[in-house]
Amino acid sequence: MPAHPESAHRQAVGKQCTASAQPPARLPTGLHVFAIAFALEVTVGKTNTVTALNNSDVLLPCSFATCTGFQDLVFTWYFNSTEMIYHGKIKSKASEPLLVGRNPRVEFVGSTTGKENNISIVLKNVEFSDAGKYTCHVKNPKEKNAQHNATIFLTVVQKMVETDNTLTLIIVGVVGGLIGLLILFMLIKRVVLFIIKKTQDGKKECLVSSSGNDNTENGLAGSKAEQKAPPKA
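Residues numbered from 1 in each chain as written. Predicted model: local features only at pLDDT ≥ 70, side-chain atom pairs only at ≥ 80, totals over all residues. Heavy atoms only, no water.

We now examine the environment of Val44. Mapped onto the secondary structure, Val44 falls in the loop between strand E1 (41-43) and strand E2 (49-53). With residues up to four places along the chain from it excluded, the contact list for Val44 reads Pro61, Cys62, Ala150, Thr151 and Ile152. (Helix = DSSP H or I, 4+ residues; strand = E, 2+ residues; numbered from the N terminus. Contact = heavy atoms within 4.5 Å.)

Those places that UniProt annotates as "transmembrane region" (unreviewed entry) correspond, in this numbering, to residues 167-188. Annotated as residues 167-188, this span is 100% helix and 0% strand, and its ends, taken at the C-alpha atoms, are 31 Å apart. (UniProt positions renumbered as here; feature names shortened; annotations may be inferred.)

Strand order in the open sheet formed by 3 strands is E3-E10-E8, with antiparallel pairing between adjacent strands. Both edges of this open sheet fall to strand E3 (58-60) and strand E8 (106-108), since each of them pairs with a single strand only. The mean inter-strand angle of the sheet, taken between neighbouring strand axes irrespective of direction, is 30°. Here 3 bridges tie E8 to strand E10 (residues 121-123), and the two strands are oriented antiparallel to one another. In the sheet register, Phe108 faces E10, and the bridge partner there is Ile121. (Pairing = 2+ DSSP bridges. Axes fitted to C-alpha atoms, helices over the stretch in contact; angles between N-to-C directions.)

All right, on to the pattern of salt bridges then. Summed over the entire model, instances satisfying the criterion amount to 2 salt bridges. Here Arg105 makes a salt bridge to Asp130, at a shortest N to O gap of 2.8 Å. Within this pair, whereas Arg105 is found in the loop between strand E7 (98-102) and E8, its partner Asp130 is found in the loop between E10 and strand E11 (132-140), the two being separated by 25 residues in sequence. For Arg105, a relative accessible area of 23% puts it in the partly exposed group. With a relative accessible area of 7%, Asp130 lands in the buried category. Here Glu107 and Lys124 are joined by a salt bridge, their closest N and O atoms 2.9 Å apart. In this pair, Glu107 is assigned in strand E8 and Lys124 in the loop between E10 and E11, connecting sequence segments 17 residues apart. (Salt bridge = Lys/Arg side-chain N within 4 Å of Asp/Glu carboxyl O. Buried < 20%, exposed > 50% of the residue type's maximum accessible area, 1.4 Å probe, protein only.)

As structure tokens, this is what we get:
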């Protein structure tokens, strides 16, 4: 069974954390800072595209992971890279995020006190003008102000288009039928060839047996003729 995306992400970050925890041998200062900064990761899940119906509510997922923990962590959601729609701050792992500022149509639905550091939001009453790029940005002062972000793209539609799989099902059915007929033909061919071979083998045995009987009869007759006593003088 394939691993859940968030579970796989945590495992990958866990391996990174283990690697980062080991002090590099005489690593230059710049590279050492980069290695620590790389420990902070932000993800929007399995896919970075979301489709929503006009006038509906849509979830914009986001979570982060860090090797060294966090304190006074700041996260911000941006629309099209410039418009801030949600700004929050998390004092520590033991506390939930505090609201700093937000768009009235945006609601925080995540939680950071559980296993996952979930900082997802819900955008309410989606409009066509809301379509675009949404960036989840995280800054962790505990990791020397390490920063990371992930982007999700929102598409707004008037109605969801159902995919018509009729043609696909027909093609699959036809191909499956042809394969079935081919397999049946091959089986029938093998059976017919087997029967023909058995018949031919039987005829050969009959011919050999008949030939042997003829030779035996001829041999016996000749033997009797040779063994007749000469006529008396």
